[in-house]
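One letter stands for each residue in the lines below.
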Amino acid sequence: MDRQPPTRTTATGRPTAPVRVTAQDVTAPAVRHRSRAVAAALAAAVLGAAALAGCSSSGKPNGAIASAVEKGASAAASAAASAAASAVGSAAGGLSSAAGAAAGGLSSAVASAEAAASSAIAGVKGGLDAKADVAAGAVTTTPDGKAEVPLTVTNPEQQANRYVIQINFTDASGNVLDATAVTVSDVAAGQSAQATARSNRDLTGTVKAVVSNAVRY
């Protein structure tokens, strides 16, 4: 049997229209309130997550985030500094190698020149030491850049002699820059002769000439 909705009577005893309570009237306010509560909770969760991720309660950057940023910046700076140091080190190494190679080449050339001049002296059989017989003048520079020095050879003996003379060209500190051998033929007994010694390569700066060795025969 269908249950009829309850009726109400007025003061005169007449029944009034039955009161209908619909499902919408009963549940709608509850659903509406529940939706608002869920939305508010979600919003609070999102805001809370954002706050935790980016900021602390004081409004300052979150310590973990700030630390990570600082570490990243420090790592980037270290990498840049390392790359710069590596580049500088490579450049310095290249310059050092080039300078070393140039110095090595010059040293080799000087050693070869000295060896050749000494060999010319050593090749004289029966020669006598004659360094005291040779005087070197002032060094000048030729138009083509070579160092040149005049030599005066005086023969103290009673017979004519030949001379082989080694001249070393040095800088102001005495470092050998070049070397050459000069041959002077038939210097009469008790007489002097003139000769000229010239460097094998261009020399600059202050250059001196030293009689390194000489023999007469």
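Keep in mind that this is a model prediction, so the values were computed, not measured. (Residues numbered from 1 in each chain as written. Predicted model: local features only at pLDDT ≥ 70, side-chain atom pairs only at ≥ 80, totals over all residues. Heavy atoms only, no water.)

Q: Sorry, what's going on with the overall build of the protein chain here?
A: Of the regular secondary structure elements, the protein chain holds 2 helices and 8 strands. Beginning at the N terminus, the succession of helices and strands in the protein chain can be written as α-α-β-β-β-β-β-β-β-β. Scored against the burial criterion, the 217 residues of the protein chain give a buried share of 21%. Within the protein chain, residue pairs in contact and separated by at least 24 positions form 62% of the contacts whose partners lie at least 6 positions apart. With the model as given, the accessible surface of the protein chain reaches about 14,200 Å², and the carbon-plus-sulfur share is 59%. (Helix = DSSP H or I, 4+ residues; strand = E, 2+ residues; numbered from the N terminus. Buried < 20%, exposed > 50% of the residue type's maximum accessible area, 1.4 Å probe, protein only. Contact = heavy atoms within 4.5 Å. Areas by Shrake-Rupley, 256 points an atom, 1.4 Å probe, with all protein chains shown as cover.)

Q: Would you mind showing me how to read the pattern of salt bridges here?
A: Should their charged atoms come close, side chains of opposite charge can pair. Summed over all chains, the structure comprises 5 salt bridges. Here arginine 198 makes a salt bridge to glutamate 148, at a shortest N to O gap of 2.7 Å. Of this pair, arginine 198 sits in strand β7 (residues 192-202) while glutamate 148 sits in strand β4 (residues 146-154); the two residues are 50 residues apart in sequence, bridging distant segments of the chain. Looking at arginine 198, the relative accessible area reads 42%, which means it is partly exposed. Its salt-bridge partner being arginine 162, residue aspartate 186 comes within 3.8 Å of it at the nearest N-O pair. You can see aspartate 186 sitting in strand β6 (residues 176-187) and its partner arginine 162 sitting in strand β5 (residues 161-170), a full 24 residues away along the chain. Using a relative accessible area of 55% as the deciding quantity, one classes aspartate 186 as exposed. Given the relative accessible area of 40%, arginine 162 is considered partly exposed. (Salt bridge = Lys/Arg side-chain N within 4 Å of Asp/Glu carboxyl O.)

Q: Whenever I open this one, the nonpolar core confuses me. Can you help?
A: It is characteristic of soluble globular proteins that their nonpolar side chains tend to be buried jointly. Ranked by size, the top nonpolar core spans 22 residues in total, and within it Leu151, Ile165, Ile167, Phe169 and Val184 carry the most contacts. Where this core is concerned, the elements lending two or more residues are β4, β5, β6, β7 and β8 (208-216). (Core = buried A, V, L, I, M, F, W, Y, C linked by side-chain atoms within 4.5 Å.)

Q: Help me understand the side chain of arginine 216, please; the structure alone is not making it clear to me.
A: Tracing the chain through its elements places arginine 216 in strand β8. Taking the relative accessible area as the measure of exposure, arginine 216 reaches 13% and is therefore buried. Here the side chain of arginine 216 touches aspartate 133 through a polar contact of 2.6 Å, side chain to side chain. Within polar-contact distance, the side chain of arginine 216 engages the side chain of glutamate 157 at 3.1 Å. If sequence neighbours within four positions are ignored, arginine 216 has contacts with Gly127, Leu128, Asp129, Ala130, Asp133, Pro156, Glu157, Asn161, Arg162 and Tyr163. (Polar contact = N/O pair within 3.5 Å; in protein donor to acceptor, adjacent residues only side chain to side chain.)

Q: What should I look at first to understand the sheet that holds β8 in this one?
A: The 4 strands lie next to each other as β1-β8-β5-β6, forming an open sheet whose pairing is antiparallel. A strand with exactly one partner marks an edge of an open sheet, and here the two such strands are β1 (128-129) and β6. In this sheet, β8 lies alongside β1 in antiparallel orientation, the contact comprising 2 bridges. Across the sheet, aspartate 129 pairs through a bridge with valine 215, a residue of β8. (Pairing = 2+ DSSP bridges.)

Q: Honestly, the environment of glutamine 158 in this entry has me stumped. Any pointers?
A: Note that glutamine 158 resides in the loop between β4 and β5. You can call glutamine 158 exposed: its relative accessible area is 77%. Sequence separation between glutamine 158 and glycine 190 is 32 residues; the distance between their C-alpha atoms is 6.5 Å.

Q: Looking at this model, I keep getting lost on the pairing of β8. Mind explaining?
A: Regular strands have side chains that alternate between both faces of the sheet. For β5 and β8, the ladder comprises 8 bridges, and the chain directions are antiparallel. Residue pairing across strands places tyrosine 163 opposite arginine 216, the latter belonging to β8.

Q: Even after reading the chapter, I still don't get the environment of alanine 109, so can you show me in this structure?
A: Within the secondary structure, alanine 109 is located in helix α2 (residues 63-122). Residue classification places alanine 109 among the partly exposed positions, given a relative accessible area of 40%. Separated by 69 residues in the primary sequence, alanine 109 and aspartate 178 have C-alpha atoms spaced 8.0 Å apart.

Q: Honestly, the side chain of aspartate 171 in this entry has me stumped. Any pointers?
A: Its location among the elements puts aspartate 171 in the loop between β5 and β6. Here serine 173 takes part through its backbone nitrogen, which lies 3.0 Å from a polar atom of the side chain of aspartate 171. Every residue in contact with aspartate 171, bar those within four places of it in the chain, is listed here: Leu177 and Thr206.

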